[in-house]
Amino acid sequence: MASPEAPTADKFQILPEESKKSKDADSMLLVVFVILANFIAFISLGLAIVGVAQNGSNVYNIGTSSGSDNGFSSGTWSGGFSSGTWSGGFSSGTWSGGFSSGEKIWIFQIGHYVGNTQYLDESSGTIKGYNVDVVNAVCQLANKNCALVWDLYENCWDSQVGQRARGGKGLMGSWYHACVGWANTRDRARTYLFSSSFEKSLSPAYFVKKGGSFDFFPNFSGKKVGILDGWSVDEHCLARYNDVTGFDETDVMQVTHYGSEDDIIAALSSDTIDVAFVPRTPYFDMSQMVEYTGEPGEDLCVIGGPAMMMRKDQFELRTWWDAFFEKLIATSQYNDICDNVEETHGDQPGFDKEYVCVV
């Protein structure tokens, strides 16, 4: 028997209640959806910011046509982005995501500012010098698209007092393909691959403050030693010399790292350290506040001059780089690059071309 139909008045009471419940459910779903969408957008923004921070923000581009110091020719290129078009610092064109499609961009880190080989030109805001000229020329000869990216040098090679130096998170983490102008050392060669040297290495040397004494040599007991952080001339190299006694490369009380030549000079002048074991750079030689006391003899710090330092999986890079650098040094263009060490870059401190160029 069918259920009796509800009175009309009851219908008007029941139907609105069902409609209200349905609307409430829909509203709740909408609120949840909006919250979830905002959360996803926030996470995506955070990841994008991290990605930019990791890859550095100051990019200096090396063109592969017309000898330009910046910008790429129009066409295709590859990078960590989705496909689309670009504009701004590059010529207009199209590009595609990933390093597998289009024309590959070789990313090279540069960070040290050491006079006429690498320096920041304040007027243009770009890095210039012998090293930059060499990279530009090799990339042009090889018909490769290359970009220089400024980043902290410790992201290439991380050196901490009291610890063994190790590969930096930038190069080890594939932020770039290579770091420019790093000398080949015993420690670095265990971690990285090196191209052929494109610059002569700096000799290790001892410096004391002006009028200071180095009579304690070779006994370093109780003496504090200053080291330029991250350079090839370091405490591990000093410990290799058999004639040096009383020195412990792991003693954080005896060894201090400094970030610049000015910091080393200030530490010597204030008697914070007794001696600096550093590369013999023109800046130290020109300083009126320190004195050069000699070199340790045989260079036990480097096994090769400044080169392209790269991960050990970068055989393709080393192959084309070495081949085209060999071609470069046989041309008049390389002679011009060497002349520019003293001419174009002559207002910067540094050695003359015969102490920089490899031929």
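Residues numbered from 1 in each chain as written. Predicted model: local features only at pLDDT ≥ 70, side-chain atom pairs only at ≥ 80, totals over all residues. Heavy atoms only, no water.

S.K.: Which residues make up the confidence of the model for the protein chain, and what are the values?
M.R.: On average, residues of the protein chain carry a pLDDT of 79, and 71% of them reach 70 or more. Of the regions scoring below 50 in pLDDT, residues 1-25 engages in three contacts with residues more than four places distant in sequence or in other chains. The model gives residues 40-101 a pLDDT under 50, and that stretch makes 109 contacts with residues more than four places away or in other chains. (pLDDT = per-residue confidence, 0-100. Contact = heavy atoms within 4.5 Å.)

S.K.: How would you summarise the sheet that holds strand E14 (residues 225-228) if you had to cite specific residues and measurements?
M.R.: Strands sit in the order E15-E14-E16-E13-E17 across an open sheet of five strands; the sheet is mixed. Looking at the sheet topology across the chains shown, the edges are occupied by strand E15 (255-258) and strand E17 (290-294). Averaged over all pairs of adjacent strands, the angle between their axes in this sheet comes to 35 degrees, without regard to strand direction. The sheet contact formed by strand E13 (residues 204-209) and E17 spans four bridges and is antiparallel. Bridge pairing in E17 links Tyr 206 to Gly 294. (Pairing = 2+ DSSP bridges. Helix = DSSP H or I, 4+ residues; strand = E, 2+ residues; numbered from the N terminus. Axes fitted to C-alpha atoms, helices over the stretch in contact; angles between N-to-C directions.)

S.K.: Go over the pairing of strand E18 (residues 304-310), please, and point to the residues and values.
M.R.: Within E18, seven of the seven residues are buried, which leaves it mostly tucked inside the rest of the structure. Where strand E11 (residues 178-184) and E18 come together, five bridges link them in antiparallel fashion. If you follow Trp 182 over to E18, its bridge partner there is Ala 307. Sheet analysis places strand E12 (residues 193-194) next to E18, joined by two bridges and oriented antiparallel. In the strand pairing of E18, Leu 193 is matched with Met 310. (Buried < 20%, exposed > 50% of the residue type's maximum accessible area, 1.4 Å probe, protein only.)

S.K.: For the pattern of salt bridges, give the residues involved together with the corresponding values.
M.R.: Going through the model one piece at a time under the given rule, you end up with eleven salt bridges. The salt bridge involving Asp 158 is made with Arg 166; its shortest N-O contact spans 3.7 Å. Judged by relative accessible area, Arg 166 falls into the partly exposed class, the value being 33%. With its nearest N and O atoms 2.9 Å apart, the salt bridge here joins Asp 271 to Lys 209. One end of the pair, Asp 271, is in the loop between helix H6 (261-269) and strand E16 (275-279); the other, Lys 209, is in strand E13, with 62 residues separating them in the sequence. (Salt bridge = Lys/Arg side-chain N within 4 Å of Asp/Glu carboxyl O.)

S.K.: Break down the packing of helix H2 (residues 130-141) against helix H8 (residues 315-328) for me, with residues and values.
M.R.: With their axes 9 Å apart at the nearest point, H2 and H8 run at an angle of 105 degrees to one another. Between H2 and H8, the crossing angle belongs to the class labelled roughly perpendicular. Contacts between H2 and H8 pair Val 134, Val 135, Ala 137, Val 138, Cys 139 and Leu 141 from the former with Trp 320, Trp 321, Phe 324, Phe 325, Lys 327 and Leu 328 from the latter. (Parallel < 35°, antiparallel > 145°, perpendicular 65-115°, else oblique.)

S.K.: Break down the nonpolar core for me, with residues and values.
M.R.: Counting residues in hydrophobic clusters, the biggest one holds 33 residues, and the most contacted among them are Phe 108, Tyr 130 and Trp 320. Per element, the largest residue contribution to this core is seven residues, and it comes from H2. Ignoring anything within four residues of it in the chain, the contact list for Tyr 130 reads Asn 116, Thr 117, Phe 198, Glu 199, Tyr 334, Ile 337, Cys 338, Val 341, His 345, Val 356, Cys 357 and Val 358. In this structure, Val 225, Cys 237, Leu 238 and Leu 300 belong to the second largest nonpolar core, which totals 20 residues. (Core = buried A, V, L, I, M, F, W, Y, C linked by side-chain atoms within 4.5 Å.)

S.K.: Account for the side chain of Asp 121, with residues named and values stated.
M.R.: With respect to the helices and strands, the residue Asp 121 is situated in strand E6 (residues 119-121). At 2.9 Å, the side chain of Asp 121 and the side chain of Ser 123 are in polar contact. Reaching out from Asp 121, the side chain makes a polar contact with the side chain of Ser 124 at a distance of 2.6 Å. Those residues within four positions of Asp 121 in sequence are excluded, and the remaining contacts are Thr 126 and Lys 128. (Polar contact = N/O pair within 3.5 Å; in protein donor to acceptor, adjacent residues only side chain to side chain.)

S.K.: How would you sum up helix H9 (residues 332-342)? Please name residues and give values.
M.R.: Residues Tyr 334, Ile 337, Cys 338 and Val 341 constitute the buried set of H9. An end-on view of H9 places all buried positions within 95 degrees of arc, on one side of the element. In the core, the buried residues of H9 are packed alongside H2 and H8. (Arc of directions from axis to C-beta.)

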